[in-house]
Amino acid sequence: MFVEERHQEILRLLNENEKVKVKELSKRFEVTEDCIRKDLASMEAKNLLKRTYGGAVLPDTLHPGHTNIVSIRKDKNIKEKRMIAKKAVELIHDGDMIFLDTSTTNIELAREIIERRLEVTVVSCMLDIAEVFTATKNVKFLLGGEFNRSQNGFLGELVLQMMENFRFDISFMGVVGADLYDNAIMTYVPEDGIMKHNAVKKSSKCYLMMESHKFDFKANYVYATFDDVDGVICEDGLSKEIQDKLETYQTKII
C-alpha cells in the first residue's frame, strides 16, 4: 500500500471512529509503529488530524466550542471538577499556604476547603475564588494586579511583583491541554501562563487539576513540563499508555 493510500484509510477510520491508535494501525497496515507515527505527524501538519498520546483524533473532536472565557466554562463539567476537587483537598493541611490559579476546577476546590473547615492562607488571582472565601473566616485570602475580564482575575506585571517573595507549600494548577510527546503543559493566555509558571517554581508541591480528556488537547502557551509538577489529579482512570509515560516523568497520578 502506498503512503497516500494509507493516509486515506487512516482518515476513513477517523471519520468512522473519531480516533485511531498507533498500535492498531501498525497491525492493520503491517508496518512499524514508528512508520505510523510519521504518517500521523505528516497528516497533522496538513491539519487533517490532531495527534494524541498513542494515536490521533479529528481536529473538531477536541474540545468543540472550548473557550478561555471563565464565565462560559465555569458551569461546564461540574461533576468531573467536583471529583477532582475532592481528591485535591485531601492533600491540604491546616496552616498551609496554597496557590490556586485561574482555573474553574479550583473554584470547586475552594468550596471543598470551606466544607472541610481548613485553616489555610490562599493566594489566588481569581475573583470567583475570592467570592467563595467571603463565606468563611478560616481562610486568609490575598490577590491583586491588572484585571483580565476573560479570566475574571488579575494578571500582568503587578501580580508577578506581588508573588516575588511568596513560597507556597502547595499549588493547584489548571490545565487547558497537555502534550505527553513534547512534555508540555499548556494554557491559552500568555500572561496567565507566565503567572502559572512563576507559581510552579515557588511551590514545594505542585499538582495539575485536569480532566482526563485534556491529554488529547493542545493550547497556545506552554507554562510547565511534567518534570516540574509532583502529580496529576484526574476524575477518572487514565489509559496504560498515559500512565506509563507519566511514570517516566516521575509524575504521580491521583
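Here, the structure is the one placed above.
Only a predicted model underlies this, so the values are computations on that prediction, with no experimental measurement involved.

K.L.:
I'd like a rundown of the nonpolar core, residues and numbers included.
P.N.:
In terms of nonpolar packing, the biggest core is built from 33 residues, with Phe-99, Leu-208, Phe-215 and Phe-226 touching the most fellow members. Going through the elements one at a time, β4 (97–100), β8 (153–155), α8 (157–163), β9 (168–174), α9 (190–201), β12 (203–209), β13 (221–224) and α10 (240–248) are the ones with two or more residues in this core. Broken down by element, this core gets its largest block of residues, 3 residues, from α9. In this structure, Leu-208 is in contact with Met-173, Val-175, Ile-185, Tyr-223, Phe-226, Val-229, Gly-231, Val-232 and Ile-233, ignoring residues within four places of it in sequence. By size, the runner-up hydrophobic cluster in this structure holds 24 residues, among which are Leu-100, Leu-118, Ile-170 and Ile-233.

K.L.:
Lay out the sheet that holds strand β11 (residues 184–187) with the relevant residues and their values.
P.N.:
Strand order in this open sheet of 3 strands is β10-β11-β13, and the pairing throughout is antiparallel. Whereas interior strands pair on both sides, the edge strands pair on one side only; in this sheet they are β10 (177–179) and β13. Pairs of neighbouring strands in the sheet enclose a mean axial angle of 40°, with direction left out of account. Each of β11 and β13 is contacted by α9, which is oriented at about 10° to β13, the strand it contacts most.

K.L.:
Residues and numbers for the packing of helix α2 (residues 22–29) against helix α3 (residues 33–45), please.
P.N.:
Between α2 and α3, whose axes approach to 9 Å, the crossing angle comes to 110°. By the angle between their axes, α2 is roughly perpendicular relative to α3. The crossing of α2 and α3 is right-handed. Facing α2, whose interface residues are Val-22, Lys-23, Leu-25, Ser-26 and Phe-29, α3 presents Glu-33, Ile-36, Arg-37 and Leu-40. Its residues placed into classes, the contact of α2 with α3 shows 5 nonpolar, 1 polar and 3 charged.

What counts as what
- Residues numbered from 1 in each chain as written.
- Predicted model: local features only at pLDDT ≥ 70, side-chain atom pairs only at ≥ 80, totals over all residues.
- Heavy atoms only, no water.
- Core = buried A, V, L, I, M, F, W, Y, C linked by side-chain atoms within 4.5 Å.
- Buried < 20%, exposed > 50% of the residue type's maximum accessible area, 1.4 Å probe, protein only.
- Helix = DSSP H or I, 4+ residues; strand = E, 2+ residues; numbered from the N terminus.
- Contact = heavy atoms within 4.5 Å.
- Pairing = 2+ DSSP bridges.
- Axes fitted to C-alpha atoms, helices over the stretch in contact; angles between N-to-C directions.
- Parallel < 35°, antiparallel > 145°, perpendicular 65-115°, else oblique.
- Left-handed = near helix turned anticlockwise from the far one by under 90°.
- Nonpolar A, V, L, I, M, F, W, Y, C, P; charged D, E, K, R; others polar.

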